[in-house]
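One letter stands for each residue in the lines below.
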Amino acid sequence: MKRRAGFLSVVVLGAAVLVAMMTPPLRAQQPAIPWGGYVQARFTQSNDETGFSIRRAKLWLNGAAPVGRGLYYKLQGLFRATNGGALTLQDAYLEYRTRLGFLRAGQMVPDFSLERSQPDAEIPLSERAAVINTLIPSATTGARDIGMEATLRPNAARWHATVGVFNGNGGNASQNEDRHFLLTGRATYAFPLGGGVSWEMGSSVAWRRTDGLAFQSILETTTPFSGDDVRWGVESRWAGRGWELQGEYLHTTLDDSTASGYYALGEHDVGSDYQLAASVERLAVPDPQTRDDPWYIVGASRLIAGQRDKLMLDVRVQPGEPSSAYAGTVQWQLLFR
């Protein structure tokens, strides 16, 4: 049954590729400045750490290719503290756009989960929910993988559907090491409710067979896992004038082991200069060293120049035994593009 599902995903992807190639491309418009980036500097006080850090420092080049029509590209690097401040390749892909959608090939973030699809620089809290950082298919590999994705999103459509085929070994891997593929899919639909309010709902799925990937953040062992890795999630988002509310539930099955979690996040703009946010999230994994008590989070941002220049503060508390966990973060973000 799983092989049939995998074969069907490949067939759907192939059909989407053919449709994309047969559709007239969009006219490319080369931007005047195809580069951009941002820096997030922060101070954190928690049970485990106290001090300053660079959370993210990214640089990218993206825009229309200098040849052809409908061809675009993106190259993005991240300065990582874990690599001694070295620049690490994140995104490197080509894209062919048409009025029906686009075809993307290279190293990218697989289309899985609502919050993972939202840019780091625009989320209202200093971190994505733990369930997203832990249970997306490429969570342990920088959220990236190498492969191909086809997205159907006609102009002015309220829906989108994506299918993808990836090596499953993560970003910056030289090849498909176990000759198995990661298959992903995501679909969403937005309902206009009137009065400037919209409701969007969607779901994501992923499946692969692996012979040796380690899921240390999920399982209680660092021993490589071999077996079927099945993941799915559901999402919902409401948005109006100056406010948004969204939530997700993700579930992972690694043979006989399961992990799951959720978050609910709300944000409200106070004029054009301030933004308030509150969230509750919970992650339950087989690792007995990981507590599954919910986290409660509140945050506030001073929008100096919108999302491009902002100061953020968020406070997190996880009540539980033998003692509560906490973390407070002050972050300054400057985006240039």
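The sections below set out a description of the structure shown in this document. Just so it is clear, the model here is predicted, and its values are computed rather than measured.

Some points on the nonpolar core
Membership of the largest hydrophobic core comes to 28 residues, with the highest contact counts inside it found for Val 131, Ile 132, Leu 135, Ile 218, Leu 250 and Tyr 263. Elements with a contribution of two residues or more to this core: helix 3 (130-135), strand 9 (197-213), strand 11 (243-254), strand 12 (257-270) and strand 13 (274-284). When residues no more than four places from it in sequence are discounted, the contact partners of Val 131 are Ile 136, Leu 250, Gly 261, Tyr 262, Tyr 263, Arg 282 and Leu 283.

Details of a nonpolar patch on the surface
A surface patch of nonpolar side chains, about 840 Å² in accessible area, is lined by Leu 100, Leu 152, Trp 159, Tyr 189, Phe 191, Leu 193, Met 201, Trp 238, Trp 243 and Leu 245. Looking at which element gives the most residues to the nonpolar patch, the answer is strand 8 (residues 182-194), with three residues. Topologically, Trp 243 is positioned in strand 11. Judged by relative accessible area, Trp 243 falls into the partly exposed class, the value being 32%.

Quick word on the pairing of strand 6 (residues 145-152)
Side-chain positions along a regular strand alternate between the two faces of the sheet. Here strand 5 (residues 101-108) runs beside strand 6; their pairing, made up of eight bridges, is antiparallel. Counted as the bridge partner of Gly 101 is Leu 152 from strand 6. Summarising the sheet, strand 6 and strand 7 (residues 159-166) pair through six bridges and their orientation is antiparallel. Looking across to strand 7, one finds that Gly 147 is bridged to Phe 166.

Details of the environment of Gly 63
By the element assignment, Gly 63 lies in strand 2 (residues 50-64). The spacing of Gly 63 and Leu 75 is twelve residues in sequence and 9.7 Å in space, taken between C-alpha atoms.

Focus: the pattern of salt bridges
By the definition in use, this model includes 19 salt bridges. The salt bridge involving Arg 56 is made with Glu 127; its shortest N-O contact spans 3.9 Å. Here the residue Arg 56 occupies a position in strand 2, and Glu 127 occupies one in the loop between helix 2 (114-117) and helix 3, the gap between them amounting to 71 residues. Neither residue differs from the other here; Arg 56 and Glu 127 are each classed as buried. A salt bridge links Lys 74 to Asp 91, with the nearest nitrogen and oxygen atoms 3.7 Å apart. Separated by 17 residues along the polypeptide, Lys 74 in strand 3 (residues 71-80) and Asp 91 in strand 4 (residues 86-98) bring together distant segments of the chain. Residue classification places Lys 74 among the buried positions, given a relative accessible area of 18%. Residue classification places Asp 91 among the buried positions, given a relative accessible area of 4%. Within the structure, one salt-bridge network assembled from shared partners comprises Arg 42, Arg 55, Arg 56, Lys 58, Asp 120, Glu 127 and Arg 128.

Things to note about the packing of aromatic side chains
Aromatic rings considered in pairs are described by the distance between their centres and by the relative angle of their planes. All chains considered together, the criterion is met by eight aromatic pairs. Residues Trp 199 and Trp 238 carry aromatic rings whose centres are separated by 6.1 Å and whose planes lie at 5 degrees to one another, so their mutual orientation is stacked. Here Trp 199, found in strand 9, pairs with Trp 238, found in strand 10 (residues 225-240); they are 39 residues apart in sequence, far enough to count as distant. Given a relative accessible area of 26%, Trp 199 falls into the partly exposed group. Taken together, the ring pairs in this structure connect Tyr 189, Phe 191, Trp 199 and Trp 238 into an aromatic cluster. Taking NZ or CZ as reference, Lys 74 lies 5.8 Å from the ring centre of Trp 60, over its face.

The rules we used
- Residues numbered from 1 in each chain as written.
- Predicted model: local features only at pLDDT ≥ 70, side-chain atom pairs only at ≥ 80, totals over all residues.
- Heavy atoms only, no water.
- Core = buried A, V, L, I, M, F, W, Y, C linked by side-chain atoms within 4.5 Å.
- Buried < 20%, exposed > 50% of the residue type's maximum accessible area, 1.4 Å probe, protein only.
- Helix = DSSP H or I, 4+ residues; strand = E, 2+ residues; numbered from the N terminus.
- Contact = heavy atoms within 4.5 Å.
- Patch = residues over 30% accessible without salt bridge, like charges linked within 9 Å, V, L, I, M, F, W, Y side chains within 5 Å.
- Areas by Shrake-Rupley, 256 points an atom, 1.4 Å probe, with all protein chains shown as cover.
- Salt bridge = Lys/Arg side-chain N within 4 Å of Asp/Glu carboxyl O.
- Pairing = 2+ DSSP bridges.
- Phe/Tyr/Trp six-rings, centres within 6.5 Å; stacked < 30°, edge-to-face > 60°.
- Lys NZ or Arg CZ within 6 Å of the ring centre and 35° of its normal.

That is the geometry; function is a separate question.
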